[in-house]
Amino acid sequence: MRELIVAEFMTLDGVIQAPGGAEEDTEGGFTQGGWTWPYWHDDIGQHFFEAMASADALLLGRRTWEIHGGAFDPMPPGDPFGDVMKSVRKYVVSSTLTDASLWRNSTIIRGDVAAAVKRIKQEPGKNILLDGSSQLVPLLAKHDLVDQYMLHVYPIVLGGGKRLFADGKRVELALVEAKPLPSGVVYMRYRRAERPQA
């Protein structure tokens, strides 16, 4: 069965909102977008390419899909990030989208999202990668559909913003890999673990 891998840039206090730019996601009055830029290291890009090499599909919430589509689809042929992102199949979860032409190879998922993701995971293919999508990740975690978390944890506390893990859901994880980068970011990869018996 295909695995669903959540790949996120995350602060020490769990915030994943607007890592790439000031105007990326200002919902809730968030004004601290772009917090990843001072900590860039080439290993971060390498981790992205390694994750994409094991995947042939992206699963995204509407807002993340729109941001990514607007950034990657117009990139000229030959751009390494653009070529990778344009070629994979995209699934966008939305109750409001009526058209998926913003970003080629995209399919809209509506209705019972958990059931749709279960079906996609059972289809033949490589892994499915999810990033951003702060409302989608907790829903999928609630239904035990996330197999791995690939996290770049940044040495910053923002004190507010959309977080990766929602209140009320316990998630047991097993560490697969941890690597500090020279910029202060720590790359961590976890697999879902069985809950210990009491």
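Presented here is an overview of the structure given in this document. (Residues numbered from 1 in each chain as written. Predicted model: local features only at pLDDT ≥ 70, side-chain atom pairs only at ≥ 80, totals over all residues. Heavy atoms only, no water.)

## Overview of the packing of helix H1 (residues 42-53) against helix H3 (residues 80-87)
Here H1 crosses H3 at 25°, and the two axes come no closer than 12 Å. Taken together, H1 and H3 sit at an angle that is classed as roughly parallel. Crossing of H1 against H3: the hand is left-handed. Residues Phe-48, Phe-49 and Met-52 of H1 form the contact with H3, whose participating residues are Pro-80, Phe-81, Val-84 and Met-85. (Axes fitted to C-alpha atoms, helices over the stretch in contact; angles between N-to-C directions. Helix = DSSP H or I, 4+ residues; strand = E, 2+ residues; numbered from the N terminus. Parallel < 35°, antiparallel > 145°, perpendicular 65-115°, else oblique. Left-handed = near helix turned anticlockwise from the far one by under 90°. Contact = heavy atoms within 4.5 Å.)

## Focus on the environment of Phe-72
With respect to the helices, strands and loops of the structure, Phe-72 is situated in helix H2 (residues 62-72). Since its relative accessible area comes to 16%, Phe-72 is described here as buried. Once the C-alpha coordinates of Phe-72 and Gly-82 are considered, the two residues, 10 residues apart in sequence, prove to be 5.0 Å apart. (Buried < 20%, exposed > 50% of the residue type's maximum accessible area, 1.4 Å probe, protein only.)

## Topic: the side chain of Thr-11
Checked against the element boundaries, Thr-11 lands in strand S1 (residues 4-11). Taking relative accessible area as the criterion, Thr-11 reaches 0% and is therefore assigned buried. Side-chain polar atoms of Thr-11 contact the side chain of Asp-13, separated by 2.5 Å. Engagement of the side chain of Thr-11 in a polar contact is seen with the backbone nitrogen of Val-15, the distance being 2.9 Å. Discounting chain neighbours no more than four positions away, the residues touching Thr-11 are Trp-35, Val-153, Tyr-154, Ile-156 and Leu-158. (Polar contact = N/O pair within 3.5 Å; in protein donor to acceptor, adjacent residues only side chain to side chain.)

## A closer look at the environment of Arg-104
Inspection of the secondary structure assignment puts Arg-104 in the loop between strand S3 (89-93) and strand S4 (106-109). Each C-alpha atom, one on Arg-104 and one on Ser-87, is 8.1 Å from the other, the two residues being 17 residues apart in sequence.

## As for H3
Taken together, the buried positions of H3 are occupied by Gly-82, Met-85 and Lys-86. An end-on view of H3 places all buried positions within 95° of arc, on one side of the element. Buried residues along H3 sit in contact with H1, strand S2 (55-61), H2 and S3. Between a side-chain oxygen at the N-terminus of H3 and the backbone nitrogen of Gly-82 the separation is 2.8 Å; the capping residue is Asp-79. (Arc of directions from axis to C-beta.)

## Some details on the pairing of strand S5 (residues 127-130)
Burial along S5 is two-sided: Asn-127 and Leu-129 and Ile-128 and Leu-130, pointing in opposite directions, are all buried. For S1 and S5, the ladder comprises 3 bridges, and the chain directions are parallel. Note that in S5 the partner of Ile-5 across the bridge is Leu-129. The pairing of S2 with S5 spans 3 bridges and is parallel. For Ala-57, the partnering residue across the bridge sits in S5 and is Ile-128. (Pairing = 2+ DSSP bridges.)

## Some thoughts on the sheet that holds S5
Within the open sheet, the 8 strands sit side by side as S4-S3-S2-S5-S1-S6-S8-S7. Their pairing is mixed. The open sheet has two edge strands, S4 and strand S7 (173-180), and neither has a second partner. Each adjacent strand pair in this sheet contributes to an overall mean axis angle of 20°, direction not counted. Pairing between S1 and strand S6 (residues 148-154): 7 bridges, direction parallel. Following the sheet pairing, Phe-9 is matched in S6 by His-152. On top of the sheet, H2 reaches S2, S3 and S4; it is set at about 120° to S2, its chief contact. Where helix H4 (residues 113-122) meets the sheet, it contacts S1, S2, S3, S4 and S5, and its direction lies at approximately 140° from that of S4.

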